[in-house]
Structure formats: C-alpha cells, structure tokens
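What follows is the residue order along each chain.
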Amino acid sequence: MATLPQIAVLEAGIFVKTQYIPRLAEISHLFCLKYIWSRSEESSRGAVEIAKQHFPGVECKWGDQGLNDIVQDSSLIGTAVVLAGQVQVDISLKLLKAGKHVIQEKPAATSIPEIETALASYKSVCTNPGQPIWAVAENYRFEPAFVESKKLVAGVGDMMNVQVIIEGSMNSSNPYFSSSWRRNFEGGFILDMGVHFIAGLRMMVGCEVTSVSAITSHIDRTLPPPDIISSNFKLENGCSGVFVMVVSSSSPKIIWRVVGSKGTVQVERGEVDGKHGYLVSLYCADGQCKSTFHPFCGVHEELKFFIHDIVQANLKQGNGYEAEPRSSFVEGARDVAVLEAMLESGSKGGTLVNVKKF
C-alpha cells in the first residue's frame, strides 16, 4: 500500500477549527496531517486537540522555530497556509522555495504590486512549469452551484446583462468582525469578502472583466472604509453588468444573475431544510422556471482536488503535471485585480479603470 502524503496546516484560528479540520477529516483517508502550526503554542495546541479526533498523530508546531521545522521537513509534500492576508504570500513563497506544494487562503494577495512580485518569485522557484503547485483556496469556484450555472449560462443565448448584488452580514455577531488583519489593509472587508463574489461572477460568465467604473462610500463606522461599493463593469464579450456590495446590511441577500436572449440564470444564497447553500434557477423564455438547490461543499472539493494534485505531481515529477486550473494562483490574482480596479475607480470618483491582466 502506497504511503499517504503528509501535509501541514499553518494557522490555528477560527476558519481552521470550523472549516479546515472538519473538511480535511472528510478526506482523511487520502493523506496524513502531520503538523498544525501557529505563532503561539496555546493556539496551536487548541487546534491540535480538535484535530486529534480525526488525526491522532498530528503534532503541534509554533513560532519561528516551528515554522523552520516545517520548511525543512523533507517528508512534507504539501502545506495549507491560512494566515493573515498581509503575510500569506511571503510564507507561501518560503514553503514553495523549499519544494513544498502550497494551498493558500484567499485573497491571493493584498495588491497588484504584491501579485506581480509574487508571480516573478514563483516563476524563479519552479523546477518545472507549475511545480511546485501554488493553489489559492477559492471555494466558490468549486461550489457545484457555480459549476452548474456556468453550463446553464452557455444555453441562454446572447448575454445581455449581468447583476451581482451582495448585501452582507458583517456585524458584531460575525466571528470575523473583529479580525484585525482585515481591518488593517487597504480594501478591508470589500477586498477580503469581495474576491469570493468576483470568483462566482467570473465562473458563471466564463470570461474576464475588462473595465470598471465604481462609486464607494463609508456608512457603517464600525467597519473600515469603504463598506459599500457600486460598480458598472464590462466583460470581454462586450456585455455590461453591475456589481453592488454592502458589507453589512440588516437584510442579507446574495445574488448573481445573468440575463440572456433566451433565458436567465440566477444563483441565490439561501437555506433549504436546515442546509445552507445556493439555489440555482433557470428562467426559460416560455415562462417556466427550473430550480436546483446545492448545499455548500466548496471547501471540501477544493481540498480534495489539492490533495489529488500534489499526489499526482509527486508521482509524475519532472513530467509536467498540470494541476486543477480553478485553484491556480493566477485565478486568485484575477479576482483581486477586479476588486483593485473597482476600489481605484471609487477613490477617483468613478473614473473608468481597466482591469490588470494576468
């Protein structure tokens, strides 16, 4: 029987405890979780206690020495980097330079300059194109709802208009509300949350956003600015659309809608029978509406694909294995580029801004 690949998780915060550990547990037959690292011993031990229910052999690592141990451990082939946005890229590159495959949480980076520097550094450490793998954990691209909606959009004729309406719920009851790193970089929650919604948009329409014109504002003073963005955008196929995001509203609602000449496809976040997920609806020209509900499973799917990719990449070392494109760092960079353009336009009073191409 083949030896299971060994991986480490870097960070031990809320998302690791509530999402990464449970989702990794669902695919625990595919790999061995060797370490959980955090800056503090206490945090690392807290996460390890939870993980030991599913991974009895998992060990604690913490601080600079613990990080160096992980970097130098040749038995590790993969790492999940779930750190603050400001430090993820540097840590990811350190691991990539050590020959380890990396899946890094979104956002891919905090700015266009950081993306450009990161891509140049990554290219310099690749032993073969795309090796080691640098994936970005954008779970929306792995949600079955967006996989289905992309197929449905292809069947509704000429694309006429696209609408993305995000009325979020980032208030004091949200566990991420007090997150210091999200409050301390330009774009704040708009950038951190917004990349999800841009990923969903790009997945549905199947093409890139080329230019934007946005107005931003700051209403809720408990949130970092801006907390509202309203943007017109143009797709490379010539279709126009609107992207509206309110970080915290009293009546949360999240919708993507593509209007075609022969029908309309809508994805709406919601809950059915106690399960949270997305309702995908196809509105046909004859007045019929067909709907399917898909419970959330994007985090599970993206992690499963990553484990599969690193196993295959190791087996085919030097023979050019192509990893799942939805996870690529470049895909994550393109999400950030759209938000960066919108924020730049907003800061200039709605000036048309072209989206940086990657």
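The residue numbering used here restarts from 1 in each chain and proceeds along that chain's sequence as written. Local features in a predicted model are, by the rule used here, given only for residues with pLDDT of at least 70; side-chain atom pairs are given and counted only at 80 or more, and totals for whole chains, interfaces and linings are based on all residues. Only hydrogens and water are set aside; all other atoms, that is, all heavy atoms of the structure, feed into the side-chain values.

Identification of the protein chain as Gfo/Idh/MocA-like oxidoreductase C-terminal domain-containing protein from Gossypium tomentosum is taken from an unreviewed UniProt entry.

Peer 1: Would you mind going over the UniProt feature "domain: Gfo/Idh/MocA-like oxidoreductase N-terminal" (unreviewed entry) in the protein chain with me for this structure?
Peer 2: UniProt positions are given in the numbering used here, feature names are shortened, and annotations may be inferred rather than shown by experiment. The positions that UniProt labels "domain: Gfo/Idh/MocA-like oxidoreductase N-terminal" (unreviewed entry) are, in the present scheme, residues 12-121. Comment: elements are numbered from the N terminus, with helices defined as DSSP H or I runs of at least four residues and strands as E runs of at least two. For the annotated span residues 12-121, helix accounts for 52% and strand for 20% of the residues, and the straight-line distance between the end C-alpha atoms is 27 Å.

Peer 1: Would you mind showing me how to read helix α4 (residues 85-97) here?
Peer 2: Note that an α-helix has 3.6 residues per turn; residues three or four places apart therefore point the same way. Looking only at α4, the buried set comprises Gly85, Gln88, Val89, Ile91, Ser92, Leu93, Leu95 and Leu96. Glycine 99 lies just past α4 and shows a positive phi near 85°. Using a 1.4 Å probe on the protein chains alone, a residue whose accessible area is under 20% of its type maximum counts as buried, one over 50% counts as exposed, and one in between counts as partly exposed.

Peer 1: Got a minute to help me understand the packing of aromatic side chains in this structure?
Peer 2: How two aromatic rings sit relative to each other is set out by the distance from centre to centre and by the angle between their planes. Pairing of aromatic rings covers Phe, Tyr and Trp, the last counted by its six-membered ring, and requires centre-to-centre distances within 6.5 Å; plane angles under 30 degrees mean stacked, over 60 mean edge-to-face, and any other angle means tilted. Enumeration over the complete set of coordinates arrives at 14 aromatic pairs. The interplanar angle of 65° and the centroid separation of 5.7 Å between the aromatic rings of phenylalanine 15 and tyrosine 20 together place this pair among those described as edge-to-face. A relative accessible area of 23% places phenylalanine 15 in the partly exposed class. Measuring from centroid to centroid gives 5.4 Å for phenylalanine 142 and phenylalanine 305, while their planes differ by 50°, and the two rings are tilted. Residue phenylalanine 142 is located in the loop between β6 (134-137) and α6 (144-153), and its partner phenylalanine 305 is located in helix α9 (residues 298-315); the two are separated by 163 residues in the primary sequence. With relative accessibility at 3%, the residue phenylalanine 142 sits in the buried group. Residue class for phenylalanine 305 comes out partly exposed when judged on its relative accessible area of 27%. Taken together, the ring pairs connect Tyr140, Phe146, Phe197, Trp256, Tyr278 and Phe296 into an aromatic cluster. Any Lys NZ or Arg CZ that is within 6 Å of a ring centre and within 35 degrees of that ring's normal is treated as a charge sitting over the ring. Stacked on the ring of phenylalanine 305, the Lys or Arg arginine 326 has its end atom at 5.1 Å from the ring centre.

Peer 1: Help me understand the nonpolar core, please; the structure alone is not making it clear to me.
Peer 2: Generally speaking, soluble globular proteins have nonpolar side chains that are buried together. In terms of nonpolar packing, the biggest core is built from 80 residues, with Trp134, Phe197, Leu201, Phe243, Met245 and Trp256 touching the most fellow members. With 12 residues, helix α8 (residues 188-205) is the single largest residue contributor to this core. The split into domains, and so the bounds of each, comes from an automatic or database assignment of domains. There are two domains that each give this core at least three residues, and those are domain 1 (6-138 + 299-326) and domain 2 (140-296 + 336-354). Note on definitions: a residue-residue contact is assigned when non-hydrogen atoms from the two residues lie within 4.5 Å. The contacts of phenylalanine 243, once residues within four sequence positions are left out, are Val164, Phe197, Ile198, Ile229, Ser230, Ser231, Phe233 and Met342. Put simply, buried Ala, Val, Leu, Ile, Met, Phe, Trp, Tyr and Cys residues joined by side-chain atoms within 4.5 Å make one nonpolar core.

Peer 1: It is not clear to me how the domain arrangement of the protein chain should be interpreted in this structure. Could you clarify?
Peer 2: Interfaces are often sized by the accessible area lost when the parts come together. In terms of domains, the protein chain is made up of domain 1 (6-138 + 299-326) and domain 2 (140-296 + 336-354). Counting residues at the interface gives 20 residues for domain 1, matched by 18 residues for domain 2. The quantity reported as buried area is the accessible area (1.4 Å probe) lost by two parts once they are put together, taken as the sum for both. For the domain 1 and domain 2 pair, buried surface summed over both sides reaches about 1,700 Å², with 63% attributable to carbon and sulfur atoms. Of all residues in domain 1, Lys106, Glu138 and Arg326 bury the most surface against domain 2, accounting for 39% of the area lost on that side. Here a salt bridge means any side-chain nitrogen of Lys or Arg lying within 4 Å of a carboxyl oxygen belonging to Asp or Glu. Taken together, the links from domain 1 to domain 2 amount to 1 salt bridge. Notably, a salt bridge pairs aspartate 192 with lysine 106, separated by 2.8 Å at the nearest N-O pair. Polar contacts, as counted here, are pairs of nitrogen or oxygen atoms within 3.5 Å of one another; within protein the pair requires one atom able to donate a hydrogen and one able to accept it, and residues that are adjacent in sequence qualify only if both atoms are side-chain atoms. At the boundary of domain 1 with domain 2, the tally comes to 5 residue pairs in polar contact (both at pLDDT 80 or more). Going through the elements one at a time, α1 (14-26), α4, α5 (112-125) and α9 are the ones with two or more residues in the side of domain 1 that touches domain 2. Under the scheme applied here, ten amino acids are nonpolar (Ala, Val, Leu, Ile, Met, Phe, Trp, Tyr, Cys and Pro), four are charged (Asp, Glu, Lys and Arg), and all others, including Gly, are polar. Per-class residue counts for the side of domain 1 that touches domain 2 are 9 nonpolar, 5 polar and 6 charged.

Peer 1: I keep staring at the packing of α8 against helix α10 (residues 329-347) and nothing clicks. Help me out?
Peer 2: Two measures define how a pair of helices packs: the angle their axes make with one another and the distance between the axes. Contact geometry of α8 with α10 gives a least axis separation of 9 Å together with a crossing angle of 115°. The angle between α8 and α10 places the two elements in the roughly perpendicular class. With respect to the hand of their crossing, α8 and α10 are arranged in right-handed fashion. Between α8, through Ile190, Leu191, Gly194, Val195, Ile198, Ala199 and Arg202, and α10, the contact on the second element is made entirely by Glu331, Arg334, Asp335, Val336, Val338, Leu339, Met342 and Leu343. Partitioning the contact of α8 with α10 into residue classes produces 10 nonpolar, 1 polar and 4 charged. Axes, fitted as lines to C-alpha atoms, cover a helix only where it is in contact. Angles between the N-to-C directions of the axes lie from 0 to 180 degrees. For this classification, under 35 degrees means roughly parallel, over 145 means roughly antiparallel, 65 to 115 means roughly perpendicular, and everything else is oblique. Each crossing is labelled by how the near helix is turned from the far one, with a counterclockwise turn of less than a right angle marking it left-handed and a clockwise turn marking it right-handed.

Peer 1: Help me understand the sheet that holds strand β12 (residues 263-272) in this model?
Peer 2: For sheets, the rule is that strands pair by backbone hydrogen bonds, running either parallel or antiparallel. Strands were regarded as paired on the criterion that DSSP finds at least two bridges between them. One open sheet holds the 9 strands; their spatial order is β14-β13-β12-β11-β7-β10-β9-β8-β15, and the pairing between them is mixed. Two strands lie at the open edges of the sheet, namely β14 (289-295) and β15 (353-354), each paired on one side alone. In the sheet, strand β8 (residues 209-217) pairs with strand β9 (residues 228-235) via 8 bridges, with the strands oriented antiparallel. Paired with isoleucine 215 across the two strands is serine 230, which belongs to β9.

Peer 1: When you look at the side chain of serine 111 in this model, what are you seeing that I'm missing?
Peer 2: Following the sequence through the fold, serine 111 ends up in the loop between β5 (101-105) and α5. Judged by its relative accessible area of 19%, serine 111 falls in the buried class. In this structure the side chain of serine 111 is engaged in a polar contact, spanning 3.3 Å, whose partner is the backbone nitrogen of glutamate 114.

Peer 1: Teacher, can you tell me more about the pairing of strand β10 (residues 240-246) here?
Peer 2: Taken residue by residue, a regular strand's side chains alternate between the two faces of the sheet. Side chains Gly241, Phe243 and Met245 project from β10 onto a buried face, and the interleaved Ser240, Val242, Val244 and Val246 project onto a face without burial. As defined by bridge partners, β9 adjoins β10 across 7 bridges and the pair is classed as antiparallel. Bridge assignment links serine 231 to a residue of β10, and that residue is phenylalanine 243. Between the antiparallel neighbours β9 and β10 lie 4 residues, among them glycine 238 with a positive phi of about 95°.

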